[in-house]
Amino acid sequence: MQSFNFIDIILFLGVSQGLFLSISLRLVHNRNKSANKMLSFLLLIAVLMLFGRISAFRIPESWVWRFGVLIDTTVFLFGPFIYTYVRRLVFNEVPTFSLKWWHYIPAVLHLGYYFWTLSIPLKTFNTLYFSGNLNLMFFIVEATGLVLFIFYWFKTFFLINQYSKEEEKHLSYHQSIHHFLVFLLSTLGIFMMLWLISFLSVNFLRKPFTYINYVTMWISTPIFIYVVGYFSLRQPEIFRIPFQHKSRSEKNRLSPEEIQKLQKRLHYFIVEEKVFLLPDLTLKGLADKLNTSSNNLSWLLNQAYQTSFYDYINKYRIQEFINKVNNGDHLKNTLLAMAMDVGFNSKSTFNRVFKTTMSTTPRSYVKNRNVA
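Model, not experiment: these values are computed from the prediction.

Cut-offs applied
Each chain has its residues counted from 1, running along the sequence as written. With pLDDT at 70 or above as the cut-off, local features in this predicted model cover only qualifying residues; side-chain atom pairs require 80 or more to be listed or tallied, and sums for whole chains, interfaces and linings still use all residues. With hydrogens and water set aside, each side-chain value is computed from the structure's full complement of heavy atoms. Here the axes come from fitting lines to C-alpha atoms, over the contacting stretch only for helices, and the angles between their N-to-C directions go from 0 to 180 degrees. Counting from the N terminus, the helices are the DSSP runs of H or I reaching at least four residues and the strands are the DSSP runs of E reaching at least two. If an angle is under 35 degrees, it is roughly parallel; if it is over 145, roughly antiparallel; if it lies from 65 to 115, roughly perpendicular; otherwise it is oblique. By definition in these notes, contact holds between two residues if any of their heavy atoms fall within 4.5 Å. When residues are sorted by character, Ala, Val, Leu, Ile, Met, Phe, Trp, Tyr, Cys and Pro go into the nonpolar class, Asp, Glu, Lys and Arg into the charged class, and all the rest, Gly among them, into the polar class. Here, the term nonpolar core denotes a set of buried Ala, Val, Leu, Ile, Met, Phe, Trp, Tyr and Cys residues that are joined through side-chain atoms within 4.5 Å. In this scheme, a residue with accessible area under 20% of its type's maximum is buried, one over 50% is exposed, and one in between is partly exposed, where area comes from a 1.4 Å probe on protein chains only. Each helix should span, by expectation, one fewer than its residue count multiplied by 1.5 Å. Relevant arc is that of directions from the helix axis to the C-beta atoms, nothing else. Planes of paired rings set the category: under 30 degrees apart is stacked, over 60 is edge-to-face and the rest tilted, where pairs are Phe, Tyr or Trp rings (Trp by its six-membered ring) whose centres lie within 6.5 Å. The rule for a charge over a ring is simple: NZ of Lys or CZ of Arg within 6 Å of the ring centre, and within 35 degrees of the ring normal. Two helices crossing with the near one rotated counterclockwise from the far one by less than a right angle form a left-handed crossing, whereas a clockwise rotation gives a right-handed crossing.

Student: Looking at this model, I keep getting lost on the packing of helix α4 (residues 75-90) against helix α7 (residues 135-170). Mind explaining?
Tutor: The geometry of a pair of packed helices is captured by two quantities: the angle between their axes and the separation between those axes. Packing of α4 against α7 brings their axes to within 8 Å, and their N-to-C directions diverge by 10°. It follows that α4 is roughly parallel to α7 by the angle criterion. Residues V75, F76, F78, G79, P80, I82, Y83, V86, R87 and V90 of α4 form the contact with α7, whose participating residues are V141, T144, G145, L148, F149, Y152, K155, T156, L159, I160 and Y163. When grouped by side-chain class, the residues that make up the contact of α4 with α7 number 15 nonpolar, four polar and two charged.

Student: Please explain the nonpolar core as it appears in this structure.
Tutor: A general tendency of soluble globular proteins is for nonpolar side chains to be buried together. Core analysis: the biggest nonpolar cluster contains 61 residues, and F78, Y85, L89, L188 and W218 have the highest contact counts within it. For this core, the secondary-structure elements that each account for two or more residues are α1 (6-27), α2 (33-55), α4, α7, α8 (177-205) and α9 (214-234). It is α4 that provides the largest number of residues to this core, a total of 11 residues. Aside from chain neighbours lying at most four places away, what touches L188 is F78, I82, F149, W153, T221 and F224. Judged by nonpolar contacts, the second largest core, of 20 residues, contains V275, L283, A287 and L300.

Student: How do you make sense of helix α10 (residues 256-272) when you look at a structure like this?
Tutor: Since the α-helix packs 3.6 residues into each turn, any two residues three or four apart lie on the same face. With 17 residues, α10 should cover 24 Å at 1.5 Å per step; its first-to-last C-alpha distance of 23 Å lies within 8% of that length. Along α10, the residues that are buried comprise I259, L262, L266, F269 and I270. Along the axis of α10, the buried residues cluster in a sector spanning 100°; they form a single face. Turned more than 90 degrees away from the buried face of α10 sit P256, E257, K261, K264 and E272, all of them exposed. Against α11 (283-289), α12 (294-304) and α13 (309-326) lie the buried residues of α10. A positive backbone phi angle near 55° is found at K274, which sits one or two residues after α10.

Student: Quick question: what am I supposed to make of the side chain of T74 here?
Tutor: Relative to the helices and strands, T74 is located in the loop between α3 (63-71) and α4. Filtering out sequence-adjacent residues up to four positions away, T74 remains in contact with I45, L48 and M49.

Student: Sorry, what's going on with the packing of aromatic side chains here?
Tutor: Aromatic ring pairs are defined here through the distance separating the ring centres and the angle between the ring planes. What the rule picks out here adds up to 27 aromatic pairs. Look at F199 and F204: their rings are 6.2 Å apart centre to centre, the planes differ by 70°, and that puts the pair in the edge-to-face class. According to the relative accessible area criterion, F204 is exposed, its value standing at 54%. Ring centres of F354 and Y365 lie 5.6 Å apart, and the angle between their planes is 70°; on these two criteria the pair is classed as edge-to-face. Taken as a pair, F354 in helix α15 (residues 347-358) and Y365 in helix α16 (residues 362-371) lie far apart in primary sequence, 11 residues in all. Y365 carries the same exposure label as F354, and that label is buried. An aromatic cluster is present here, built from F321, F344, F350, F354 and Y365 joined pairwise through their rings. The ring of F243 has R87 lying over it, and the distance from NZ or CZ to the ring centre is 3.7 Å.

Student: Would you take a moment to explain the packing of α4 against α8 for this structure?
Tutor: For the pair α4 and α8, interaxial distance at closest approach is 12 Å and the crossing angle is 165°. On the basis of the axis angle, α4 is roughly antiparallel to α8. Two packed elements cross with a definite hand, and for α4 against α8 that hand is left-handed. Contacts between α4 and α8 involve V75, F78, I82, Y85, V86, L89 and V90 from the former and I177, F180, L181, L184, L188 and W195 from the latter. Taken together, the residues that form the contact of α4 with α8 break down as 13 nonpolar, no polar and no charged.

Structure follows, in structure tokens:
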């Protein structure tokens, strides 16, 4: 009987923590529920990956190699689940978004291949496995898995870019979720590149790396997903924006009379009511005050003012900040406190918007004004 060692501890902790996170995410109420549901499935896949990869080196029984074929099915599910998780996390769609069935054809085909191996006697399977007669199938599986991983990585990349653009149409502030998504995609991109290098080196250059290979990539990836799971447990509810499908531009969405009325109401709520002082102001929130739809207001800002909702609102916030400086408020309050008073919810956003608008930093602006 083998002794209990460090590898066994990794296996036990990895599997148990994955199961814990998967269950915990399903119990988190009213916080990104649809996205967390998909993440819990992703964590279960990570558990299977981790268990399969590590146990292959810890369990001496010959049947474990056949079990490894089943574990490889998860490779074809990882990309679609990552894309679905990100889309559910940042976009609001009714009904809840799910990929079409054909995205899962590779996983189903591989599952069929696994059941075919079950029809072969274990002794025959082991002979085929260790003699190298299954190497071509393993090559096809890994190559297909790698291509699909790259495909869904880019699909998720374009999705995040779309979110960045849509966010400025619907929110007057930036959510921190964008930094998380960049971190998520960047890390997966590193895994993808290392996997690609390993695949090319082993199959075409015949120079395998000791620590960079198919197995280590699919041990590292589940561990990373655990990090994502822990982050999601503490993640607040995210304002999910409507998913915009590509469509023709609507040049005449509103009549001239409707435009004039909407502009008057917009001017009243911005200039008189100063709704831009609300740090969590959204396109929908302002549209509701104007008794119009989000699409109408977005169209008006784009067509009549040639600006996004984000830029439009923050322009007034910057002007309000400058008014405070002109009134001498900076002599008794910090610049950050003043920024928060005019509607900004973070120092980084305020500094970035101010520099874009005024071509200088807030501190330099105040300093130069005092000199003048």
